[in-house]
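# Inside the fold
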Amino acid sequence: MLEAYIRNRLKEKEILLMTHIVLGYPSFEDSFRIIEAMVEAGVDLMELQIPFSEPIADGPVILRANQRALHQGATVEGCLDLAQRVAETFDISFLVMTYYNIAFRYGERRFVTAMAEKALRGAIIPDLPPEEGQEFLEAMVEHDVAPVLIFSPLTSNERMEYLSAFARGFVYCVARKGVTGANTDFSRELESYLSRCRKATSLPLALGFGIKEKADIDFLKGKADIAVIGTQTIRIVEKEGVASVGGFIRSLR
Amino acid sequence: MLEAYIRNRLKEKEILLMTHIVLGYPSFEDSFRIIEAMVEAGVDLMELQIPFSEPIADGPVILRANQRALHQGATVEGCLDLAQRVAETFDISFLVMTYYNIAFRYGERRFVTAMAEKALRGAIIPDLPPEEGQEFLEAMVEHDVAPVLIFSPLTSNERMEYLSAFARGFVYCVARKGVTGANTDFSRELESYLSRCRKATSLPLALGFGIKEKADIDFLKGKADIAVIGTQTIRIVEKEGVASVGGFIRSLR
Amino acid sequence: MINRRYYGQFGGAYIPEILVSTFDHLVSAFEEAKNDPGFWQEYEEIMSTYSCRPTPITFAENLTRHFGGARIFIKREDLNHTGAHKANNVMGQGLLVKRMRKSRVIAETGAGQHGVATATMAARFGFKCTIYMGEVDVVRQSPNVFWMERLGAEVIPVKDGTRILKDAINEAFRDWVTNMDDTHYVLGTACGPHPFPEMVSYFQSIIGREARRQILERESRLPSGVYACVGGGSNAMGIFSGFFDDPVELVGVEAGGEGLETGRHASRLASSDGTVGVAQGYKTCFLQDSDGQMKETHSVAAGLDYVGVSPILASLRDKGRVRFEATTNSEVLDAMSFTLKKEGLIPALESAHAFAQAFKEVPDLKQDDIILINQSGRGDKDIFTIADAFADPKWQEFIRKKAEEYRA
Amino acid sequence: MINRRYYGQFGGAYIPEILVSTFDHLVSAFEEAKNDPGFWQEYEEIMSTYSCRPTPITFAENLTRHFGGARIFIKREDLNHTGAHKANNVMGQGLLVKRMRKSRVIAETGAGQHGVATATMAARFGFKCTIYMGEVDVVRQSPNVFWMERLGAEVIPVKDGTRILKDAINEAFRDWVTNMDDTHYVLGTACGPHPFPEMVSYFQSIIGREARRQILERESRLPSGVYACVGGGSNAMGIFSGFFDDPVELVGVEAGGEGLETGRHASRLASSDGTVGVAQGYKTCFLQDSDGQMKETHSVAAGLDYVGVSPILASLRDKGRVRFEATTNSEVLDAMSFTLKKEGLIPALESAHAFAQAFKEVPDLKQDDIILINQSGRGDKDIFTIADAFADPKWQEFIRKKAEEYRA
Ligand SMILES: Cc1ncc(COP(=O)(O)O)c(C=O)c1O
Ligand SMILES: Cc1ncc(COP(=O)(O)O)c(C=O)c1O
C-alpha cells in the first residue's frame, strides 16, 4: 500500500525522490535502462507516463517526448507491459501517469484492474478532477491503486480538503502555475503554500514542477516528503545519454 | 469654300475620296510623304488627325497611331505646322480631325483662326455635339472653316435636321455602330440609311467607317458623294510601308 | 467546487487543478452577465455598431429557380466585421473580459478567422493579444497572419503535435495555466470545458434569434429546414438555437474531405469513425484510434479541420434533434462556384459545406417549403486555398511574378 | 436632343453622335425611376437584404481619446457586400438595367472593387458581364480578377494607353458604341457624361441619408466636419450629399501620392496642377499637359489613381462648399496602421486617405465637436498592395514558397 511504503522509506530518508519518465521514449529499451539506472541511483518512486497525443498539462520537453514515443509506435498495451516488467523487476513503487482519455478508452475498470495486476501502486491523472472521476478514483481505491490527487497554489483550503478526501498514497503539490519544465523559485511563498497543504491532508506531500538540483531538494527537506524530478531527467537523457542518469540522481542527495 | 470645292470636283468624278491620317505617325516626315503620295494618287480630301490621349471614338488601329504619335513627341503646334505646310503645298482640301479637348485647351477662337490662317477648310470633332459646341461651330462658320457634323444610323430624322442646321461643307455619315476600323456590310440597310441622310440635308454626304476596297466604293457611287478611307490606309502603311500607299489609293478607282 | 455541465453523456470540464479557480471565476462572471438584463443589450449594441448586426437574410431567387424545390434563404454572417460569425463570439467574450477586469487575451486559430476576429476585438478593447496557430496553418493562412500582426497581435506558430488547430488549442491552454491572472482564453468555438460550449453558443445564438424573427417577418412562417456547417459547432449552434422549439429540421454539415470511405475527412458525427473520448478538457465524439490517440483530420476548409465537436451538438445527434451529414471537398467546391455565378455571393469554404448539402436535398422539397442556409463567412479571405483548389493558372502566374519581384 | 447637365462650368455630355440616342434613353429611364416612389423603396429593399444597409456608424473611442479633439465617428461602408460603397451604385444601376430591359452590362475597373461589385450584381440579376481593366491593374489587382472570373464575368485587360483606369473607361465606351442595344455601361463613379455624375451620386446618396439620421439619433446633433476620400468622387458625393444644407464642413481628400511638390500624385482639386478640360465625355478638372493630353497619375491606392474627378465636386470646390486636401502615400499607410491597432478597423487604402486627413485636423477641434469619416471600403482586398507598401518580409517569404509550389 503506497502510503505505508512511503512512510517506511521516510524513516530512513529525510526526503524521498520521485522521478518521471515517458514510456517508449526514446524507446522501450531505453526506458527500461533509464528506470534501471534510476533505481540503482536510489530513486524511491517513479511516475511512468503513458504517452497521449494531447498532453495539455505538460511543457515542451515532456510534450515532445510524448509525441516521439507515439511516433515510434508506443501503444497503451506496450506501456503497461513495460510497467509490469519493471514493477516486477525492481523493488520500488511505480505509479502510472497519463491523461484521462487513455484510461477512458481502455475502459476505466479494465484499466484499474490492469494497474493492480501489474503491481502499479498508484495513478496520476492531471486532467481528471474528482468531480469528473469519482467512480474511477473509487475503483482505484478498491483495488489498492492509490489515486494521487493534485494541489496547486491556487487551490483554496476548502478545495484541498475536498480533494484529499479522494486522495491516497500521497498528494502531488505542483509548485507553481504553468506547465512542467519551467523554472520555480524556491521561496517563502512556496513554504507557506506547503504548510497550507500540510494542514489540508494527513497524506505525505510530494512537490513537483521545476526541481533541478540538490539545492532545490535541500530547500524542501522538512517541508515536503517527496521531491519530484520530472523534466530535468529527460533533459539529461537527451543531452548526455542514458548512462549519465545515475550520476545525476546521485548528485541530488 | 469647302462645299463649292466638293461640288466642283463632283462634276468630274462620280465619287470623291477622302483619306484619314494621324499627324506625326509614324513620324512627321512620313506623314508628309504619305500625304504627298495620296495627293498624287488622286485623293480629293484629307482628314488630318491631331492626336489625343483619349480618342474614345477610334478603334485600336487609329488609337495606337494616336499614342505612338504622342509618344514620339507630336505636339498640337507641330501638327498645325505640318497641316499648314501640306495645305500650302498641295491643291486639295484638308480638314482637321481631333477631339474637343485639343481645341478647348488651345482656345476655341484661337484654334479656329489658326485653322483659317493655315488654309484648313474644315474640322471634324467627333466628341462635340452642337449642344456642347454651338459657339465654337459658329466661330468656324464665320472664319470659313466648315464644321463637319456627323450622322449615325441611330440618328433620328428630327435630329439629322437639327444637326444639318450647324453643318457646312458636307456631312460625315458613319456607316454603322462601333468605332473606326471594324468591318461594315454594304447592304440595302446602308442604302436606306443614306437616303434618310439625303432627305435631311442638302450638303454632300461622306460615308465613312469600314471602307476597304474598290467594291465598297463602287457600291457607294450614286448613294454618297465622298468615300472615306480611314483605318485601311494606316494598315497599308504599317504592313507595306509608305511607298505602297499610292498604289492602294489608285486601286480604289 | 468545479462547475460542470453535461449534455447527455457529453461535455464536462476535464481541467488541471491549477485552472479550477480560473474556470470558477469565468463561470460566475458569465452567469452574472447572463442574469444582468443590461448585458445582452450592451452586446447587441456593440454588434450593431461595430459590426452590422442584424445581418440580413437574402432570398436566393436564382438558386431557388434552378433547383425548383423549396425557397432558399441565406443568413448572411459573411457581412460581419472581419467576414464571419466569429465576430459574435469574440465581441461577447470581450465584454466579459472587461467585466473580469483582465487585460490580455489569447486565442487559438485554424483558418485564421477566429485569430483575426480576436485581434480586432483586442485592438478595440485595448487588450494585449497573443494568437496560437499551428505552423501548418500559419503557412496556408498567411494572409490572416499578416492582418493579425498588423492589428497588433503576437502570432505564435505552434510547432508541436500535428501543428494544426488542436495543437494550437493545447498551446493556448499551456499559456493560460501560466497567465490566468491577467489573461482570458477566448476559445473560438462551442467546444472545450464548461462554460465554453454554453458561453460560445450563447453569444452565437444572436444568429438564430435574428434569423427566426426575420424569416417570420418576411414569410410569416418558419423554414422546414436549417443548414449549417460544423467545425467546432459554433455557427451551427448559433443558428439552430433559434429553432430548437420549432418543428424545423436542423442539419449539421461536416467536412467529408476526400470522402468518408477514404478515412481522410473530419466527420465526427455523420461518419461512423467518431468515438466518445475526452481531450482538450471536454468529452465528445473525437476522431481517435483505439488507444485514444487523436487522429489527423482532412478538409479543404481549415475551419472544419478539427478532431472534436461541440458536446451540445453530439448530444443533439443522440437525441435525434439534429441530423448530421458530410460533403466532400469536390462537392463543396462545385457548390461554391455555383453560388458565386448564380447569386454573386461568396461563401467561405466552410460555409459552402452547408450550401452543398442543401443543394442535394432542396430539389426534393415542396415548392412552398422554405430552407435557411447559414453563410457563416465570406470566401474572399480564403483566396489562396480556393485558387489552389481550382488550380487557377492565371493566379499561379500572378504569384510567380510577385515572387520574382520579391526576389529582385 | 441631348440632355446635358452642368454644375457651374463643369459636367455636360461630350459624346459621339452614335451614343446620343442611348444616352437619351438612359436619361429618361433614370428620370422615370427617380419619379417613381416605388423605385427608391425597391433600391433600399435590395440593399438591406443583399447587402447590410443601413451600414452602421462606429464611434472610434480609442482614436478620439488618442487625439483628444473632436469625437470621431466612422461610417462603415466597408461592411457592404463585396467590401465597399461600390455595391450601392452597381445595385442601383442594376435595377435600372432591368427597367431598360437590357441583358448585358459592361464596366471599367481600376482597383477591381467596382469590377467585383458589378460582377456580383450581374450574377444576381442574371446579366452577361464584361469588365475592362487596365493591364497594369490586372497585374496589381489580380485577386479581384480571380473573383470577377469566378463570378462569371469576362475580364478584358486593356493594353492601350497608360493601361490603367482611364484607358479601361475608354475601352468600355468603345464596347458600348457597338453594343448599346442590349448593353448598359455601369460607370463606377460620379464622372462621365450626364446622367452618370448625377445618377451615381443619387444611388450613393443612401450613405449620407443614413449617416445624417444615424448621427442625429445617436448624438442629437450634427457633425462639424465630414471626411471622404476622392477618386472619381462617388463615396464623397454619397456622404456629403446628406449634409449639403447643414452647417457642416465637407472635406474631400485626394491622393497626394509621393507629394504634391513631386508632381507624382492624383490631386486634381487640392493641387494647383488640375486644369479644366474635356475628356471621357465630360468637362472637369483634369491632370493634363498644356496641349490637353492627359498625364499619368500616381497613388498607392488604385481606386484614387484617376485623371478626372466628379464635375459636381469640381463645382462644389469653386463654390467653396467642399474643401479639398491631399495626403501622401506614407501618411496614408501610417493612418491605416494606426487605425488597425487602435480600433481593429481595416480601412481600404483609398478610405485611409480620409482617415489620414482627419487625424491631422481633429486635435485642433473642440472636444464636444463631432467628425464623421467615411470608411468607403475594407482593406483586406488590398493585401498585396498593403503588404508591399509595408514591405512585409514574412509575406514575401510566404509568396516565394507559394510560387515554388506552383513551379513544382
Ligand atoms: C467561416 C467559418 N465558418 C465555420 C467555421 C467553423 O467553426 P464553427 O463550427 O465553430 O462555426 C469557421 C472556423 O474557422 C469559419 O471560419
Ligand atoms: C474602397 C474605395 N474607396 C474609394 C474609391 C474611389 O472611388 P470614389 O471616389 O468614386 O468613391 C474606390 C474606387 O475603387 C474604392 O474601391
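Residues numbered from 1 in each chain as written. Chains lettered and ligands numbered in written order. Predicted model: local features only at pLDDT ≥ 70, side-chain atom pairs only at ≥ 80, totals over all residues. Heavy atoms only, no water.

## Some points on the overall build of chain C
Looking only at helices and strands, chain C has 15 helices and 14 strands in total. Relative to its length of 408 residues, chain C is compact, with a C-alpha radius of gyration of 20 Å against a globular reference of 22 Å. Seen through its principal axes, chain C has C-alpha atoms that stretch 60 × 55 × 50 Å. When burial is assessed residue by residue, chain C has 72% of its 408 residues classed as buried. For chain C, contacts bridging at least 24 residues in sequence account for 73% of all contacts bridging at least 6. Accessible surface for chain C amounts to roughly 11700 Å². Of this, 49% is attributable to carbon and sulfur atoms. (Helix = DSSP H or I, 4+ residues; strand = E, 2+ residues; numbered from the N terminus. Rg over C-alpha atoms; globule rule 2.2 N^0.38 Å. Buried < 20%, exposed > 50% of the residue type's maximum accessible area, 1.4 Å probe, protein only. Contact = heavy atoms within 4.5 Å. Areas by Shrake-Rupley, 256 points an atom, 1.4 Å probe, with all protein chains shown as cover.)

## What about the site of ligand 2?
Residue and element names in this part refer to chain D. Not every one of the 19 residues close to ligand 2 is listed here, only the nearest: Thr 189, Gly 231, Gly 233, Ser 234 and Asn 235. In the environment of ligand 2, an oxygen atom lies 2.7 Å from a nitrogen or oxygen atom belonging to the backbone of Gly 231. Burial of ligand 2 by the protein chains amounts to 97% of its free accessible area of 400 Å². Residue classes in the shell around ligand 2 are distributed as six nonpolar, 11 polar and two charged. (Near = heavy atom within 4 Å. Polar contact = N/O pair within 3.5 Å; in protein donor to acceptor, adjacent residues only side chain to side chain. Nonpolar A, V, L, I, M, F, W, Y, C, P; charged D, E, K, R; others polar.)

## Quick word on the relation of the copies chain D and chain C
By a simple turn and slide, chain D fits onto chain C: the slide is 0.0 Å along the axis, the RMSD is 0.0 Å, and the turn is 180°. One copy is carried onto the other by what is essentially a two-fold rotation axis. The share of interface residues of chain D whose copies in chain C are also at the interface is 100%, consistent with both copies meeting through the same surface. (Least-squares fit on C-alpha atoms with pLDDT ≥ 70 in both.)

## A short note on the state of the cysteines
All names here are of chain B. If you walk through the whole model with that rule in mind, you get zero disulfides over all chains. Cysteine Cys 173 shares no disulfide, and the gap to the nearest cysteine sulfur, in Cys 197, comes to 3.7 Å. Residue Cys 173 is classed as buried on the basis of its relative accessible area, which comes to 0%. (Disulfide = S-S within 2.5 Å.)

## A closer look at the site of ligand 1
Residue and element names in this part refer to chain C. In the vicinity of ligand 1, 18 residues are found, and the nearest of them are Thr 189, Gly 231, Ser 234, Asn 235 and Ser 376. Contacts to ligand 1 include Asn 235, whose side-chain N or O atom sits 2.7 Å from an oxygen atom. Within the complex, 97% of the 390 Å² of free accessible area of ligand 1 lies under protein. Looking at the shell around ligand 1 residue by residue, the classes come out as five nonpolar, 11 polar and two charged.

## Points about the sheet that holds strand E3 (residues 57–59) of chain C
All names here are of chain C. Taken together, six strands build an open sheet; the order of strands is E3-E4-E14-E9-E10-E13 and the sheet is mixed. Where the open sheet ends on each side, the last strands, each with one partner, are E3 and strand E13 (322–328). Taking the axes of each pair of neighbouring strands and ignoring which way they run, one obtains an average angle of 25° across the sheet. When strand E9 (residues 225–229) meets strand E14 (residues 370–375), the two strands line up parallel, connected through three bridges. The partner of Gly 225 across the bridge, within E14, is Ile 371. Set on the sheet, helix H12 (residues 329–343) makes contact with strand E10 (249–257) and E13; between it and E13 the angle comes to about 90°. (Pairing = 2+ DSSP bridges. Axes fitted to C-alpha atoms, helices over the stretch in contact; angles between N-to-C directions.)

## Some remarks on the interface of chain B and chain D
The partner chain D presents 38 residues to the 38 residues of chain B that form the contact. Considering only the side of chain B, the residues that lose the most area to chain D are Ile 56, Arg 105 and Glu 132 of chain B, jointly responsible for 23% of the buried surface there. Put simply, chain B and chain D have five salt bridges between them. For Lys 166 of chain D, the salt bridge is made with Glu 54 of chain B, and the minimal N-O distance between the two is 3.0 Å. Counting the contacts that link chain B with chain D gives 24 residue pairs in polar contact (both at pLDDT 80 or more). Examining the composition of the side of chain B that touches chain D, we find that five residues originate from one element, helix H5 (residues 100–106) of chain B, more than from any other. The residue inventory of the side of chain B that touches chain D, partitioned by class, reads 21 nonpolar, seven polar and 10 charged. (Buried area = accessible area lost by both parts, 1.4 Å probe. Salt bridge = Lys/Arg side-chain N within 4 Å of Asp/Glu carboxyl O.)

## A look at the pattern of salt bridges
For the structure on display, the rule yields 111 salt bridges over all chains. Of the charged contacts in the structure, one is a salt bridge between Glu 132 of chain A and Arg 4 of chain C, with a shortest N-O distance of 3.2 Å. One end of the pair, Glu 132 of chain A, is in helix H7 (residues 130–142); the other, Arg 4 of chain C, is in the segment before strand E1 (6–7), on a second chain. Assessed through its relative accessible area of 36%, Arg 4 of chain C is described here as partly exposed. Across the pair Glu 210 of chain C and Arg 53 of chain C runs a salt bridge, and its minimum N-O distance is 2.8 Å. Taken together, the residues Glu 210 of chain C in helix H9 (residues 196–219) and Arg 53 of chain C in the loop between helix H2 (37–49) and E3 connect sequence positions 157 residues apart.

## Focus: the sheet that holds strand E7 (residues 171–174) of chain B
Strands in a sheet are paired, the pairing made by backbone hydrogen bonds, and the direction either parallel or antiparallel. All names here are of chain B. Across the sheet, which stays open at both edges, the nine strands sit in the order E5-E4-E3-E2-E1-E9-E8-E7-E6 with parallel pairing between neighbours. The open sheet has two free edges, formed respectively by strand E5 (146–147) and strand E6 (149–151), since each of these has just one partner strand. Relative to E5, strand E4 (residues 122–124) is paired through two bridges, and the arrangement is parallel. Residue Ala 123 lies in a different strand from E5, and its bridge partner there is Pro 147.

## A look at the interface of chain D and chain C
Every contact between the two is made by 63 residues of chain D and, on the other side, 63 residues of chain C. Contact with chain C buries surface across chain D, with Trp 147, Arg 150 and Tyr 406 of chain D losing the most and accounting together for 15% of the total. Here chain D and chain C share 13 salt bridges between them. Residue Glu 404 of chain C is joined to Arg 407 of chain D by a salt bridge in which the shortest nitrogen-to-oxygen separation is 3.3 Å. The interface formed by chain D and chain C holds 32 residue pairs in polar contact (both at pLDDT 80 or more) in total. Secondary structure elements with two or more residues in the side of chain D that touches chain C: helix H2 (37–49), strand E3 (57–59), helix H3 (61–67), helix H5 (113–125), helix H7 (142–150), helix H12 (329–343), helix H14 (383–389) and helix H15 (393–407) of chain D. In terms of residues, the side of chain D that touches chain C owes the most to one element, H15 of chain D, which gives 12 residues. Its residues assigned to classes, the side of chain D that touches chain C shows 27 nonpolar, 14 polar and 22 charged.

## Some details on unusual backbone geometry
All names here are of chain D. Backbone torsion omega between Arg 53 and Pro 54 reads -5°, so that peptide bond is classified as cis. By the secondary structure assignment, Pro 54 is in the loop between H2 and E3. Following His 194, the chain continues to Pro 195 via a peptide bond in cis, the omega torsion being 10°. Positionally, Pro 195 belongs in the loop between strand E8 (183–185) and helix H9 (196–219). One non-glycine residue, Ser 220, lies in positive phi territory at about 45°. Structurally, Ser 220 can be placed in the loop between H9 and strand E9 (225–229). Residue class for Ser 220 comes out exposed when judged on its relative accessible area of 62%.

## Some points on the pairing of strand E5 (residues 104–109) of chain D
Residue and element names in this part refer to chain D. Of all six residues that make up E5, six are buried, and the element is covered over most of its length. Covered by surrounding structure in E5 are Arg 104, Ile 106 and Glu 108 together with Val 105, Ala 107 and Thr 109, the residues of both alternating faces. Where E5 and strand E6 (residues 128–134) come together, six bridges link them in parallel fashion. Directly across from Arg 104, in E6, lies its bridge partner Lys 128. As a crossover connection, the stretch from E5 through H5 into E6 is right-handed. (Right-handed = clockwise from strand over helix to strand, strands pointing away.)

## A word on the pairing of E14 of chain C
Residue and element names in this part refer to chain C. Summarising burial for E14: six of the six residues are buried, a large majority. Taking every second residue as pointing to the same face, both faces of E14 are buried, with Ile 370, Leu 372 and Asn 374 on one and Ile 371, Ile 373 and Gln 375 on the other. Here strand E4 (residues 71–76) runs beside E14; their pairing, made up of six bridges, is parallel. Along E14, the bridge assignment pairs Arg 76 with Gln 375.

## Quick notes on the packing of H12 of chain C against H5 of chain D
Between H12 of chain C and H5 of chain D, whose axes approach to 5 Å, the crossing angle comes to 85°. Judged on the interaxial angle alone, H5 of chain D and H12 of chain C are roughly perpendicular. Note on element contacts: H5 of chain D touches H12 of chain C through Thr 120, Ala 123 and Arg 124 of chain D, opposite Leu 340, Lys 341, Lys 342 and Glu 343 of chain C. Split into classes, the residues belonging to the contact of H12 of chain C with H5 of chain D amount to two nonpolar, one polar and four charged. (Parallel < 35°, antiparallel > 145°, perpendicular 65-115°, else oblique.)

## Quick notes on the nonpolar core
Counting residues in hydrophobic clusters, the biggest one holds 482 residues, and the most contacted among them are Phe 94 and Leu 207 of chain A together with Phe 94 and Leu 207 of chain B. Leaving out residues up to four positions away in the same chain, Phe 94 of chain A has contacts with Ile 35, Val 39, Met 46, Leu 48, Val 86, Ala 87, Leu 120, Arg 121 and Gly 122 of chain A. (Core = buried A, V, L, I, M, F, W, Y, C linked by side-chain atoms within 4.5 Å.)

## Structural notes on the environment of Glu 108 of chain B
Residues and elements named next belong to chain B. Tracing the chain through its elements places Glu 108 in helix H6 (residues 108–117). In sequence terms Glu 108 and Ala 57 are 51 residues apart; their C-alpha atoms lie 21 Å from each other. In contact with Glu 108, not counting residues within four places along its chain, are Tyr 100, Ala 103 and Phe 136.

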